[in-house]
Amino acid sequence: MKEFSNPIIKEEVIRHKKNIYIGLFLLGLCLICIIWGVFVSKEAKENMVSFHDVIVNQNDKENVLSYVDTDIFPYLFATNDDSNGNFYLIRDNDYMYVAYMSDYDYDRLKDETLYTDNKTERVIGVSALVPTEVKKLAIETVKELWPDEEITLADYEYYFGNIYLDMTSDAVDVAFWQNFLAFILGLCGTTFIIIGLINKKRFLKNINKLSLEDKKKIDAETLDKDAFYYANIHLYLTPNYIILMNNTFKVIPYSSLLWLYTYEQRVNGIKSTKSIIAISDDGKTNNIATIPALTKKYMEIFEEVFTTISNKNEEMLIGYTNENCQIMHDILKKLKECKKENKN
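Residues numbered from 1 in each chain as written. Predicted model: local features only at pLDDT ≥ 70, side-chain atom pairs only at ≥ 80, totals over all residues. Heavy atoms only, no water.

Engineer: Please clarify how the nonpolar core should be interpreted in this entry.
Structural biologist: Looking at soluble globular proteins, one finds that nonpolar side chains tend to be buried together. Core analysis: the biggest nonpolar cluster contains 22 residues, and Ile-233, Leu-235, Leu-237, Ile-242, Ile-288, Val-305 and Ile-309 have the highest contact counts within it. Within the residue set of this core, elements represented by two or more residues are strand 9 (235–237), strand 10 (241–244), strand 12 (257–267), strand 13 (270–280), strand 14 (285–292) and helix 8 (296–310). A total of six residues in this core trace back to one element, the largest contributor, which is helix 8. Apart from residues lying up to four places away in sequence, Leu-237 is in contact with Asp-226, Ala-227, Phe-228, Tyr-230, Ile-242, Tyr-254, Val-305, Thr-308 and Ile-309. (Core = buried A, V, L, I, M, F, W, Y, C linked by side-chain atoms within 4.5 Å. Buried < 20%, exposed > 50% of the residue type's maximum accessible area, 1.4 Å probe, protein only. Helix = DSSP H or I, 4+ residues; strand = E, 2+ residues; numbered from the N terminus. Contact = heavy atoms within 4.5 Å.)

Engineer: When you look at the packing of aromatic side chains in this model, what are you seeing that I'm missing?
Structural biologist: How two aromatic rings sit relative to each other is set out by the distance from centre to centre and by the angle between their planes. A full pass over the atoms with the stated rule returns 18 aromatic pairs. Geometrically, the ring pair formed by Trp-177 and Phe-180 is edge-to-face, given 5.9 Å between the ring centres and 90° between the ring planes. Of this pair, Trp-177 and Phe-180 are both found in helix 6 (residues 176–208), three residues apart, which corresponds to roughly one turn of the helix. On the accessibility criterion, Trp-177 (62% relative accessible area) is exposed. With relative accessibility at 41%, the residue Phe-180 sits in the partly exposed group. Pairwise contacts between aromatic rings join Phe-77, Phe-87, Tyr-100 and Tyr-164 into one cluster. In this arrangement the basic side chain of Arg-122 is found over the ring face of Tyr-67, its NZ or CZ atom lying 3.6 Å from the centre. (Phe/Tyr/Trp six-rings, centres within 6.5 Å; stacked < 30°, edge-to-face > 60°. Lys NZ or Arg CZ within 6 Å of the ring centre and 35° of its normal.)

Engineer: Is there a simple way to think about the sheet that holds strand 13 in this case?
Structural biologist: To summarise the sheet geometry, strands pair through backbone hydrogen bonds and adopt either a parallel or an antiparallel arrangement. The strand order across the open sheet built from four strands is 14-13-12-15, with neighbouring strands paired in mixed fashion. Edge strands, defined here as strands with exactly one partner in the open sheet, are strand 14 and strand 15 (317–318). (Pairing = 2+ DSSP bridges.)

Engineer: Just checking my understanding: could you explain helix 8 for this structure?
Structural biologist: Along an α-helix, residues three or four apart share an orientation, since each turn contains 3.6 residues. Compared with an ideal rise of 1.5 Å per residue, which puts 15 residues at 21 Å, helix 8 spans 21 Å between its outermost C-alpha atoms and is within 8% of the ideal. Within helix 8, burial applies to Met-299, Ile-301, Phe-302, Val-305, Phe-306, Ile-309 and Ser-310. Taken end-on, helix 8 shows its buried residues confined to a sector of 160°, consistent with a single buried face. Opposite its buried face, helix 8 presents the exposed residues Lys-296 and Lys-297, each directed more than 90 degrees away. (Expected span 1.5 Å × (residues − 1). Arc of directions from axis to C-beta.)

Engineer: Teacher, can you tell me more about the pairing of strand 2 (residues 65–70) here?
Structural biologist: For a regular strand, side-chain orientation follows a simple rule: the groups alternate between the two sheet faces. Within strand 2, five of the six residues are buried, which leaves it mostly tucked inside the rest of the structure. Here strand 1 (residues 49–50) pairs with strand 2 via two bridges, running parallel. Counterpart to Val-49 in the pairing with strand 2 is Ser-66. After leaving strand 1, the chain enters helix 2 (residues 51–56) and then returns to the sheet as strand 2, a path that is right-handed. Sheet analysis places strand 2 next to strand 6 (residues 121–129), joined by six bridges and oriented antiparallel. For Leu-65, the partnering residue across the bridge sits in strand 6 and is Val-126. (Right-handed = clockwise from strand over helix to strand, strands pointing away.)

By themselves, these are just geometric observations and shouldn't be taken as functional.
Listed below in structure tokens is the structure:
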């Protein structure tokens with residue numbers, strides 16, 4: 001970069017570095033959110049009450065984050081085809097409860113090795129009112145398991161309380177927003193860093209391909225009084241060159257252009273972006289500029305750039321027409337044949 005005295009070119013390199021710094025900053029915020037989430041989760045677990053306490057001392061209060069230290073795997077008694085979980089009977093050392101859990105939790109908790117040697121497994125959920133139909137099924141299940149037990153629907157509350165432990169509720173994840181924010185920040189931060197590193201490497205790599213003489217020539221061109229830099233689209237138009245600096249560094253002589261045309265991208269029938277496309281004599285398609293199609297300010301820049309390039313080479317084809325397509329097809333075909341002959 002020492003060969004370039006034009007500060008704009010140096011600023012383009014700095015721009016890619018800024019993306020990396022922004023990415024690192026976002027990853028720092030991501031780490032803060034993770035730590036925040038860990039703190040919130042730890043505090044919630046320390047202040048969490050047992051599900052039995054919610055039933056007995058809090059009078060079956062709803063939406064309370066609570067736990068059960070279950071000592072046996074869950075017993076399915078009611079399925080729910082329209083949801084993501086089913087109803088189970090669970091038990092701690094003293095009492096039985098109704099819990100609603102996902103298949104994932106059930107598969108995890110049915111592992112009998114979790115309860116060997118008097119061990120228990122803590123399950124966490126939110127208290128919720130039990131539907132009447134679930135109460136009936138729970139009572140029928142108790143009768144099947146213990147035929148000698150005389151129990152009716154009126155006895156349900158005595159056995160199970162009037163609430164169940166909802167293990168699928170979003171409220172179980174007390175640090176949901178912290179974790180969600182950490183995910184978004186981490187994703188954005190990583191994206192910024194990757195894009196910044198790739199674009200910086202590509203930018204410098206393309207510059208390093210140039211000879212010292214070419215670098216000095218291009219630098220002089222950019223400093224010419226007739227050269228103009230379009231900051232919004234990172235494009236230089238000098239007396240003899242198009243210099244692309246939008247995530248790359250590419251120098252295209254006007255004299256090498258064979259065809260210049262515009263291309264519109266539509267979404268649901270509405271113009272979204274508009275591009276200037278140039279075909280050069282090496283057979284490559286170059287995207288000179290892409291702008292939002294409905295922005296007046298950008299459209300003025302777009303028209304100015306297209307007109308300026310059009311006037312730089314009288315021999316190149318202008319516009320996307322069937323005639324120009326056919327002419328270019330024949331030209332590119334000859335170029336390929338020449339390349340094959342040169343290889344042979």
